Amino acid sequence: MTDNHMPQETLIEFPCHFPIKVMGEVHDEFTSTVIEIIKQKNSSFDPSTIEMKGSSEGRYISLTCFVYVTNKPELDDIYRSLSTHPMIKFVL
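Conventions and cut-offs
The residue numbers shown here count from 1 along each chain, following its written sequence. Restriction of local features to residues with pLDDT of at least 70 applies here, the model being predicted, together with a cutoff of 80 or more for giving and counting side-chain atom pairs; totals for whole chains, interfaces and linings are based on all residues. Heavy atoms throughout the structure, all of them, feed into the side-chain values; hydrogens and water do not. Helix and strand definitions here come from DSSP, where helices need a minimum of 4 consecutive H or I residues and strands a minimum of 2 consecutive E residues; each element is numbered from the N-terminal end. The contact definition used throughout considers only heavy atoms, calling two residues in contact when any of these lie within 4.5 Å. At least two DSSP bridges between two strands are needed for those strands to be called paired. To get an axis, a line is fitted to the C-alpha atoms, and for a helix only the part in contact is used. The angle between two axes follows their N-to-C directions and goes from 0 to 180 degrees. Nonpolar cores are built from buried Ala, Val, Leu, Ile, Met, Phe, Trp, Tyr and Cys residues. Side-chain atoms within 4.5 Å join them into one set. Accessibility here uses a 1.4 Å probe with only protein chains present; expressed as a share of the type maximum, an area under 20% marks a residue as buried, one over 50% as exposed, and anything in between as partly exposed. The span one expects for a helix is its residue count, reduced by one, times 1.5 Å. Pairs of N or O atoms within 3.5 Å make up the polar contacts considered here, provided that, within protein, one atom can donate a hydrogen while the other can accept it, and that residues adjacent in sequence are counted only when both atoms are side-chain atoms.

Attention now goes to the environment of lysine 89. As for its placement among the helices and strands, lysine 89 is situated in strand S4 (residues 88–91). Residues lysine 89 and valine 67 lie 22 residues apart in sequence; the distance between their C-alpha atoms is 19 Å. Dropping the residues within four chain positions of it, lysine 89 is found in contact with Met23, Gly24 and Glu25.

Before going further, it helps to examine the sheet that holds strand S1 (residues 16–25). The strand order across the open sheet built from four strands is S2-S3-S1-S4, with neighbouring strands paired in antiparallel fashion. Bordering the open sheet on either side are strand S2 (51–54) and S4, each of which pairs with just one other strand. The average angle at which neighbouring strand axes cross in this sheet is 25°, direction not considered. The pairing of S2 with strand S3 (residues 60–69) spans four bridges and is classified as antiparallel. Along S3, the bridge assignment pairs glutamate 51 with threonine 64. Against the sheet, helix H1 (residues 30–41) touches S1, S2, S3 and S4, its axis set at about 20° to S3. The strands that helix H2 (residues 72–83) touches are S1, S3 and S4; relative to S1, the one it contacts most, it runs at about 10°.

This paragraph deals with the nonpolar core. Grouped together as the largest cluster of nonpolar side chains are 22 residues, with contacts concentrated most on Ile20, Val34, Ile38, Cys65, Val67, Leu82 and Ile88. Counting residues per element, the ones that place at least two in this core are S1, H1, S3, H2 and S4. Those residues in contact with valine 34 that sit more than four places away from it in its chain are Val22, Leu63, Cys65, Leu82 and Ile88.

This next bit is on the side chain of serine 81. Among the structural elements, serine 81 can be located in helix H2. Contacts of serine 81, omitting those with residues within four sequence positions, involve Ile37 and Lys41.

We now examine H2. With twelve residues, H2 should reach 16 Å at 1.5 Å per residue; the first-to-last C-alpha distance of 16 Å fits that figure. On its buried face, H2 sits against S1, H1, S3 and S4. By the N-cap criterion, in which a side-chain oxygen at the helix start approaches the backbone nitrogen of a residue two or three places on, H2 is capped by asparagine 71, the distance to glutamate 74 being 2.8 Å.

Such coordinate-based values are descriptive only and should not be taken to indicate function.
Written out as structure tokens, the structure reads:
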């Protein structure tokens, strides 16, 4: 059997700048916590690439973090670390 018939593990082409959306309740330390978690897994992460958006009621915040990743395990590791933090509600 050739590799052409094997399902691909991911459709993402690496390396790439991948947008990770992180959402949680507004908190003084939310952004710095997200930055710290990502930088622990990817020291080259540039926090100036973050796009921030608040909810209409001002209770939640959404950060879109553009992270340069070189492979799927690296991306998965970042997602796991963000998803398990109690301050973070969703990671997309």
